[in-house]
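Listed below, chain by chain, are the residues.
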Amino acid sequence: VPHRLAAAAAQSRGIRSASAWAGNPPPQNAAARLRFSAIVAASRFIRCPILSCSKAVKQEFERLGVGLPTRSAILSNAIDVVDIVAIAQRARISRTDYRPTIAMVSRLDVIKDHATLLRAFARVKRDKPNAELWIIGDGPLRAHLDAQARTLGVAAPAHASAGTWR
């Protein structure tokens, strides 16, 4: 709703182009999907394209069946992979205490599927006992993920910072 109001206000002030960002797919429950269908239809009416963060998110919006606004597109998150690889290689060379580390920065929400990551990390720990998993973020699943980490035997020691599972 806020993006429709902002787009309509912008257009009334002479701004020729406005768009909305979709970082997550529409919810799966029927009532919420109906609401999202109305939002997408209204966005089409006011000519406010929806920019999705991935092909999967765009496809979910298309599955609503109301048609996306003209010029809707995918605008992937931009990450300079070459630069990140170079930094990681320099860090590896300078390390003397190699410890495999997996890190994820995100909101602790069902859609991010941290549960699968924790299960996979428990398997990694069998072969690499000194491995670490850092999940950086907060959200409604914090307590559940902490409990899952304890059940899997990868919970952080009491002195570790929140979100670090070893």
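Above: the structure in question.
Residues numbered from 1 in each chain as written. Predicted model: local features only at pLDDT ≥ 70, side-chain atom pairs only at ≥ 80, totals over all residues. Heavy atoms only, no water.

All right, on to the pattern of salt bridges then. All told, the structure shown has seven salt bridges when counted by the stated rule. Taking the shortest distance from any N to any O, the salt bridge between Asp-138 and Arg-142 comes out at 3.9 Å. One continuous salt-bridge network, built from bridges that share partners, spans Arg-33, Glu-60 and Arg-63. (Salt bridge = Lys/Arg side-chain N within 4 Å of Asp/Glu carboxyl O.)

The next point concerns unusual backbone geometry. In this structure, Arg-71 is a non-glycine residue whose phi angle is positive, near 70°. Backbone geometry places Asp-113, a non-glycine residue, at a positive phi of 55°. Its place among the elements puts Asp-113 in the loop between strand E4 (101-105) and helix H5 (114-127). (Helix = DSSP H or I, 4+ residues; strand = E, 2+ residues; numbered from the N terminus.)

If you look at the biggest cluster of nonpolar residues, it comprises 12 residues: Leu-108, Leu-117, Leu-118, Phe-121, Ala-122, Ala-131, Leu-133, Ile-135, Leu-141, Leu-145, Ala-149 and Val-154. A total of four residues in this core trace back to one element, the largest contributor, which is H5. (Core = buried A, V, L, I, M, F, W, Y, C linked by side-chain atoms within 4.5 Å. Buried < 20%, exposed > 50% of the residue type's maximum accessible area, 1.4 Å probe, protein only.)

The grouping of Ile-79, Val-81, Ile-84 and Val-85 at the surface amounts to a nonpolar patch, some 370 Å² of accessible area in total. Tracing the sequence through the fold places Val-85 in helix H4 (residues 81-94). (Patch = residues over 30% accessible without salt bridge, like charges linked within 9 Å, V, L, I, M, F, W, Y side chains within 5 Å. Areas by Shrake-Rupley, 256 points an atom, 1.4 Å probe, with all protein chains shown as cover.)

This paragraph deals with the pairing of E4. Relative to strand E5 (residues 132-136), E4 runs parallel, the two being bridged by five bridges. Bridge pairing in E5 places Ala-103 opposite Trp-134. Handedness of the crossover joining E4 and E5 through H5 is recorded here as right-handed. (Pairing = 2+ DSSP bridges. Right-handed = clockwise from strand over helix to strand, strands pointing away.)

Take helix H3 (residues 55-62) next. Among all positions of H3, only Val-57, Lys-58, Glu-60 and Phe-61 are buried. Along H3, the residues classed as buried sweep out an arc of 160° about the axis, all on the same side. Buried residues along H3 sit in contact with strand E1 (20-22), helix H2 (30-45), strand E2 (50-52) and strand E3 (73-74). (Arc of directions from axis to C-beta. Contact = heavy atoms within 4.5 Å.)

To continue, consider the sheet that holds E2. If you trace the three strands from one edge of the open sheet to the other, you get E1-E2-E3, paired in parallel fashion. Of all strands in the sheet, those with a lone pairing partner are E1 and E3, marking the two edges. Where E1 and E2 come together, three bridges link them in parallel fashion. Of the residues in E2, the one forming a bridge with Ala-20 is Ile-50.

Take a probe with the size of a water molecule and roll it over the atoms, and the empty space left behind shows itself. Each pocket or cavity is described by its volume, and for the largest pocket that value is around 310 Å³. Together, Ala-88, Ala-91, Arg-92, Arg-95, Tyr-98, Arg-99, Thr-101, Ile-102, Ala-103 and Trp-134 line the largest pocket. In terms of residue class, the lining of the largest pocket is built from six nonpolar, one polar and three charged. (1 Å grid on protein atoms, 1.4 Å probe; cavity = no way out; pocket = protein on both sides within 12 Å on 5 of 7 lines; lining within 4 Å. Points joined across faces, edges and corners; volume = space filled by probe spheres on them. Nonpolar A, V, L, I, M, F, W, Y, C, P; charged D, E, K, R; others polar.)

Keep in mind these values describe shape, not function.
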